[in-house]
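# Observations on chain architecture
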Amino acid sequence: MPRTGLNDTISRIFDTFVVVSKSRYAVVYDIFNHYARWSTNAVEFFGLSGEYIENADTEWHKRIHPDDRKNYEQRIMAMIAGIKQDSPLEYRAMDKNGEYVACSSKGTIIKDYSGRPAYLAFFITNHGIVSNKDPITDTDNLYEMFNALRQQRERQEKSSVLIIDAIHFDDINRTYGYMFGNQVLRAMADLVVNLVKDEGVVYRGDGTSIIVISGSLELDGMRRLYSRIREQLKSAFYVSGTRITLNIAGGVLVNDNFAVDEHTIYTSAKYALDASKNMNHGGLVVYHNEHQDQNARRIELLDAIRSDIMNKCSGFYLVYQPIISAKDSHMIGAEVLLRWHNEAFGDVMPDSFIPLLENDSVFFELGNWILEQSFNETRSIISVFPEFMLNINLTFMQLERSEFRTTLMDLMRRTRFPASNLTLELTKRCRQMSREHLKSQVDFLKSSGSQIALDVEEFSSLDLLRALPVDHIKIDRRFLRDIDRNLVNQYIVEAMAGFAQHMNVHVTLTGIENAQMLDFVKERFPADSFQGYYYSKPVRIADLKQLPLYHSR
């Protein structure tokens, strides 16, 4: 039986980790308590005592071939000690029938708030038997889904892709616990499988999403399928005798563009799902509809972006916009912003490609590139101006990944960038995450020495100040537009800035366009810093160092 005190933590890590397990067994091992959770397919194949195992290292190491055991234990200890492993760990392990099978392992260390190794999360690849089933829903996983889309593209077969997800699924986890949440997800997948029957194949997607791919169902058929799924989940859905009401969102894409890859197709469907969640109250959003030309171009644009990211972020570059002290008008920092140029598409504005990328796992790699590139570009400024603060926007795709913490720490160590000069900005989409997971990530980032800023695009965003240790709020430039004539915006900015000031949170007003606007806001609102075109447009790092603001410090 799992130990209650450890179960929730190790299950949260496992559930995040297992989504991308592809064709492998997943394991999460608690280093301090010698406690582990194994995927059910591993339990069955190796004949383990259960999904949760006490003294897990002892039980598992006994199954390693005697000739391989010493090397195995040395490599595991090296991982825990932080020594980089360049190649998978290969060994033989005994299955439930007493026969040894060739295996390999590749994993990562997850550290606690103090930076100590706390969990070892790894995959075991069985080179004799490979399972592409998701262990929670018993449906094929993303690896199989991408294979199916790739084969359809190669055969130039038209297909429809439906992706659904529960709105606020984290409420179920908080109310009933993660184990029950897994049961709900399994029951949800079973319901979809029963409704789809032989008209398509069901897959487990990222997080709690479920995907249906069909070569026979046209758009109207997918609409009817979604309606049936939505109605049954809302009205007659029971899990272990408990009635559960699930409100879902859905996005659908009809794919007849065989020039783009399967990852682009999946991301485009997720884009439609995101629109369903945020703008359509769960109503089905069709990606490939009457705006066919526009959407076809968007898919081609996303395909080009993904290709450039995979090519060492070719075509991407960074610009910086100064942040100015309200006290003495000196530059105290800068916000880093992303730009992209492509031969086929020219200069593409972030508003055109960032919303697409936010739904793509490749954005994690781009986010890491932004961090490393900006650390390297601004380190020389900090050596001259030690108080200079670099502001970087964090993406949803970064914060939801368990390995983001260690990645960030490794990047700062490698570039010798001081955490005390870093302000990490939470964008609007980050607030869609589980409040518990978001707080955990923010607490860790704060403990590392960095500051946290919150981009405020709507008044309700300030609710996060009650739950998170935020140092700054940045009031969106939309509220500053025509501020001298717009009474509503004046009241909103006054209320937000005053609230933040009472909470001892610094306030940055963005979108300062001219001297008249600056004089007006200085008189009316409590602010600690300003940002806008009045001071400078976003510029490359070399141009930033040439600004009069830079030399007036």
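Quick notes on the rules
- Residues numbered from 1 in each chain as written.
- Predicted model: local features only at pLDDT ≥ 70, side-chain atom pairs only at ≥ 80, totals over all residues.
- Heavy atoms only, no water.
- Pairing = 2+ DSSP bridges.
- Helix = DSSP H or I, 4+ residues; strand = E, 2+ residues; numbered from the N terminus.
- Axes fitted to C-alpha atoms, helices over the stretch in contact; angles between N-to-C directions.
- Contact = heavy atoms within 4.5 Å.
- Salt bridge = Lys/Arg side-chain N within 4 Å of Asp/Glu carboxyl O.
- Buried < 20%, exposed > 50% of the residue type's maximum accessible area, 1.4 Å probe, protein only.
- 1 Å grid on protein atoms, 1.4 Å probe; cavity = no way out; pocket = protein on both sides within 12 Å on 5 of 7 lines; lining within 4 Å.
- Points joined across faces, edges and corners; volume = space filled by probe spheres on them.
- Nonpolar A, V, L, I, M, F, W, Y, C, P; charged D, E, K, R; others polar.
- Core = buried A, V, L, I, M, F, W, Y, C linked by side-chain atoms within 4.5 Å.
- Polar contact = N/O pair within 3.5 Å; in protein donor to acceptor, adjacent residues only side chain to side chain.
- Phe/Tyr/Trp six-rings, centres within 6.5 Å; stacked < 30°, edge-to-face > 60°.
- Expected span 1.5 Å × (residues − 1).
- Parallel < 35°, antiparallel > 145°, perpendicular 65-115°, else oblique.
- Left-handed = near helix turned anticlockwise from the far one by under 90°.

What follows is about the sheet that holds strand β6 (residues 117-126). Across the sheet, 6 strands lie side by side as β3-β2-β1-β6-β5-β4; this open sheet has antiparallel pairing. Both outer strands of the open sheet, β3 (52-54) and β4 (89-94), are each paired with one neighbouring strand and no more. Strand-to-strand twist across the sheet, computed as the mean angle between neighbouring axes with direction ignored, equals 30 degrees. Where helix α4 (residues 66-80) meets the sheet, its contacts fall on β4, β5 (100-111) and β6, and the angle it forms with β4 comes to roughly 130 degrees.

Another aspect to go through is the pattern of salt bridges. Under the counting rule described, the total for this entry stands at 22 salt bridges. A salt bridge links Glu218 to Lys158; the shortest N-O distance between them is 3.7 Å. With Glu218 in the loop between β9 (210-214) and α8 (219-235) and Lys158 in the loop between α5 (142-154) and β7 (159-166), this residue pair connects regions lying 60 residues apart in the sequence. Residue class for Glu218 comes out partly exposed when judged on its relative accessible area of 47%.

Each strand in a sheet pairs with another by means of backbone hydrogen bonds, the pair being arranged parallel or else antiparallel. If you walk across this open sheet you meet the 5 strands as β8-β9-β7-β12-β13, and the pairing is mixed. Here the strands that pair on one side only, and so sit at the sheet edges, are β8 (201-204) and β13 (285-286). Note: β7 against strand β12 (residues 248-255), 8 bridges, orientation antiparallel. Within the sheet, the bridge partner assigned to Ala166 lies in β12 and is Ile248. In the packing of α5 onto the sheet, the strands contacted are β7, β8 and β9, and the crossing angle to β9 comes to about 25 degrees.

Over the atoms, a rolled probe matching the size of one water molecule traces out where space is still vacant. Volume-wise, the second largest pocket comes out at about 280 Å³. When contributions to the lining of the second largest pocket are tallied by element, the ones reaching two or more residues are β15 (331-342), β17 (389-394), β19 (451-456), β20 (472-475) and β21 (506-510). In terms of residue class, the lining of the second largest pocket is made up of 4 nonpolar, 8 polar and 2 charged.

Time to look at unusual backbone geometry. At Asp138, a position not held by glycine, the phi torsion is positive, near 60 degrees. Given the relative accessible area of 44%, Asp138 is considered partly exposed. For Arg416, which is not glycine, the phi torsion reads 60 degrees and is therefore positive. Position of Arg416 relative to the elements: it lies in the loop between α14 (404-415) and β18 (422-426).

Among the nonpolar cores identified, the biggest contains 109 residues, and Phe316, Leu366, Phe375, Leu408, Ile473, Ile475 and Val521 are the most heavily contacted of them. Examining the composition of this core, we find that 9 residues originate from one element, helix α12 (residues 363-384), more than from any other. In this view, Ile475 contacts Val456, Leu480, Val493, Met496, Ala497, Val507, Thr508, Leu509 and Thr510; residues no more than four positions away in its chain are not counted. Core analysis: the second largest hydrophobic core is formed by 35 residues, Ala166, Leu185, Phe237 and Val252 among them.

Turning to its location among the elements, Gln321 is positioned in strand β14 (residues 316-325). What makes Gln321 buried here is its relative accessible area of 8%. A polar atom in the side chain of Gln321 sits 3.1 Å from the side chain of Gln531. A polar contact is formed between the side chain of Gln321 and the backbone oxygen of Ser536, at a distance of 3.0 Å.

Let's shift gears to the packing of aromatic side chains. For any pair of aromatic rings, the description consists of the separation of the ring centres together with the inter-plane angle of the planes. A complete count under the given rule lists 16 aromatic pairs for this structure. With 5.0 Å between their ring centres and 80 degrees between their planes, Phe46 and Trp60 make a pair best called edge-to-face. Of this pair, Phe46 sits in helix α2 (residues 40-46) while Trp60 is found in helix α3 (residues 56-61), placing the two residues 14 residues apart along the sequence. The class for Phe46 is buried, based on a relative accessible area of 0%.

Take α14 next. In this model, α14 (12 residues) spans 16 Å end to end at C-alpha, consistent with the 16 Å of a helix rising 1.5 Å per residue. The element α14 is largely enclosed, with a buried count of 9 among its 12 residues. For α14, the full list of buried residues reads Phe404, Arg405, Thr406, Thr407, Leu408, Met409, Leu411, Met412 and Thr415. Those residues of α14 hidden inside the fold are in contact with β5, α12, β17, α13 (396-399), β18 and α15 (435-447). Once α14 finishes, Arg416 follows within two positions and takes phi at roughly 60 degrees, a positive value.

Buried residues dominate strand β1 (residues 25-30), accounting for 6 of its 6 residues. What you see with β1 is no split at all: Tyr25, Val27 and Tyr29 on one side and Ala26, Val28 and Asp30 on the other are buried throughout. Here β1 pairs with β6 via 6 bridges, running antiparallel. The residue bridging Tyr25 from the neighbouring strand is Ile124, located in β6. As paired strands, β1 and strand β2 (residues 35-38) are joined by 4 bridges and run antiparallel to one another. If you follow Asp30 over to β2, its bridge partner there is Tyr35. Taking the residues that link successive antiparallel strands as the turn, the β1-β2 hairpin has 4 residues, and the phi of His34 there is positive, at about 55 degrees.

Within the secondary structure layout, Val319 lies in strand β14. By relative accessible area, which is 6% here, Val319 ends up buried. Spatially, the C-alpha atom of Val319 lies 40 Å from that of Gln151, the residues being 168 residues apart in sequence. When sequence neighbours within four positions are dropped, the list of residues in contact with Val319 reads Glu335, Val336, Leu337, Arg339, Pro538, Val539 and Arg540.

The subject of this paragraph is the packing of α5 against helix α9 (residues 262-279). Running from N to C, α5 and α9 cross one another at 115 degrees; their axes reach a closest spacing of 9 Å. The angle between α5 and α9 places the two elements in the roughly perpendicular class. By crossing handedness, the relation of α5 to α9 is classed as right-handed. Across from Leu142, Met145, Phe146, Leu149, Arg150 and Arg153 in α5, the residues of α9 making contact are Glu262, His263, Ile265 and Tyr266. Of the residues that constitute the contact of α5 with α9, the class distribution is 6 nonpolar, 1 polar and 3 charged.

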